[in-house]
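Overview (structure and organization)
Letter by letter, the chains look like this.
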Amino acid sequence: MAPFDRLIAAATIRRLVIVALICGGIRYGVMPRIGAELLTTPDAGPLDLMFAYTPAAAFANIGAFSDSARSSYRMFLVTADIAYPISYTLLFVWAIALVTRTTRLEHARWPFAPPLLLFGFDILENATVFMLLSLHPDQPVALAWLASIFTTLKWSFAGVTMLVLVYALGLRLLKQGTPPESQ
């Protein structure tokens, strides 16, 4: 059995609840604590939370941070902001797997593409933002554009992932509402 098939087969309600708790703990417990200095820096904020930005805006944000804030941001990107995408990707993949079971999407692979692309673009965003922070005060414009593109793609695939989940839930609800002789 291929690794992806094993991942989908591993989807259970229990595992989904566990990964949801881990995801929530990272998002609402760890991330605010680690990112507190970033969120309170006047005229700046984490690039990860924007939908898109220009290189000038990226460099202004990075420049507004103190050296310790830039260091904290780098540490955040290689700790919590690696664990969080792993946890939310498992959450989305397992939710889609559970919701699509016994529907016409049960054997389809396309519903899993958006959360996997979301994960990939989030990791690429983290890597490029990490490099921007590490290279400061240098201002590599091409790298800043790349970071912004990855950020925009990350948020776009987050939206597509939500749409896939809503679509799959709709199919599930329609199937459950259909009399047995029609199924």
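All of the points below concern the structure found in this document. (Residues numbered from 1 in each chain as written. Predicted model: local features only at pLDDT ≥ 70, side-chain atom pairs only at ≥ 80, totals over all residues. Heavy atoms only, no water.)

Moving on: the overall build of the protein. What the protein contains, in helices and strands, is eight helices and zero strands. Helices and strands appear in the protein in the N-to-C order α-α-α-α-α-α-α-α. Taking the principal axes of the C-alpha coordinates as reference, the protein spans close to 65 × 30 × 30 Å. Of all intrachain contacts in the protein linking residues separated by at least 6 positions in sequence, the fraction that spans at least 24 positions is 78%. Accessible surface, the protein: about 9600 Å² in total, of which carbon and sulfur atoms supply 70%. Side chains of the protein carry 13 positive and 11 negative charges; the gap between the two charge centres is 12 Å. (Helix = DSSP H or I, 4+ residues; strand = E, 2+ residues; numbered from the N terminus. Contact = heavy atoms within 4.5 Å. Areas by Shrake-Rupley, 256 points an atom, 1.4 Å probe, with all protein chains shown as cover. Lys, Arg positive; Asp, Glu negative; His and termini not counted. Charge placed at Lys NZ, Arg CZ, Asp CG, Glu CD.)

Between side chains of opposite charge, a pair can form when the charged atoms approach closely. Inspection of the entire model under this criterion finds three salt bridges. Taking the shortest distance from any N to any O, the salt bridge between R70 and D67 comes out at 2.4 Å. One end of the pair, R70, and the other, D67, are both in helix α5 (residues 67-77), three residues apart, so they sit about a helical turn from each other. Overall, D67 belongs to the exposed group, its relative accessible area being 60%. (Salt bridge = Lys/Arg side-chain N within 4 Å of Asp/Glu carboxyl O. Buried < 20%, exposed > 50% of the residue type's maximum accessible area, 1.4 Å probe, protein only.)

The next point concerns the environment of V141. With respect to the helices and strands, the residue V141 is situated in helix α8 (residues 141-177). Along the chain, V141 and P55 lie 86 residues apart, while their C-alpha atoms are 5.8 Å from each other. In contact with V141, not counting residues within four places along its chain, are P55 and F59.

Helical periodicity: at 3.6 residues per turn, an α-helix aligns residues three or four positions apart in one direction. Along helix α4 (residues 55-64), the residues that are buried comprise P55, A58, F59, N61 and I62. Seen along its axis, α4 keeps its buried residues to an arc of 160 degrees; they face one direction. The elements touched by buried residues of α4 are α5, α7 (113-135) and α8. (Arc of directions from axis to C-beta.)

Here the focus is the packing of α7 against α8. Relative orientation and spacing of two packed helices are given, respectively, by the angle between their axes and the distance between those axes. It is the contact of α7 with α8, at a shortest axis distance of 8 Å, that shows an interaxial angle of 155 degrees. Classified by the angle their axes make, α7 and α8 are roughly antiparallel. Considering only the axes of α7 and α8, their crossing is left-handed. Across the contact of α7 with α8, the residue classes break down as 20 nonpolar, three polar and three charged. (Axes fitted to C-alpha atoms, helices over the stretch in contact; angles between N-to-C directions. Parallel < 35°, antiparallel > 145°, perpendicular 65-115°, else oblique. Left-handed = near helix turned anticlockwise from the far one by under 90°. Nonpolar A, V, L, I, M, F, W, Y, C, P; charged D, E, K, R; others polar.)

The next point concerns the side chain of D122. Summarising the element assignment, D122 is placed in helix α7. In this structure, D122 is buried with no salt-bridge partner, the nearest side chain bearing the opposite charge being K154 at 4.3 Å. For D122, the side chain forms a polar contact with the side chain of Y88, separated by 2.6 Å. Beyond its immediate chain neighbours, meaning those up to four positions away, D122 contacts D81, P85, Y88 and K154. (Polar contact = N/O pair within 3.5 Å; in protein donor to acceptor, adjacent residues only side chain to side chain.)

Let us look at the nonpolar core. In this structure, L47, Y73, W94, V129 and L132 are the most contacted members of the largest nonpolar core, which totals 42 residues. Taken together, the elements giving at least two residues each to this core come down to α2 (13-34), α4, α5, α6 (80-100), α7 and α8. When residues in this core are grouped by element, the largest group, 11 residues, is from α6. Here L47 is in contact with Y53, A58, N61, I62, Y73, E125, V129 and T151, once residues within four sequence places are set aside. (Core = buried A, V, L, I, M, F, W, Y, C linked by side-chain atoms within 4.5 Å.)

The values are spatial; any link to function lies outside them.
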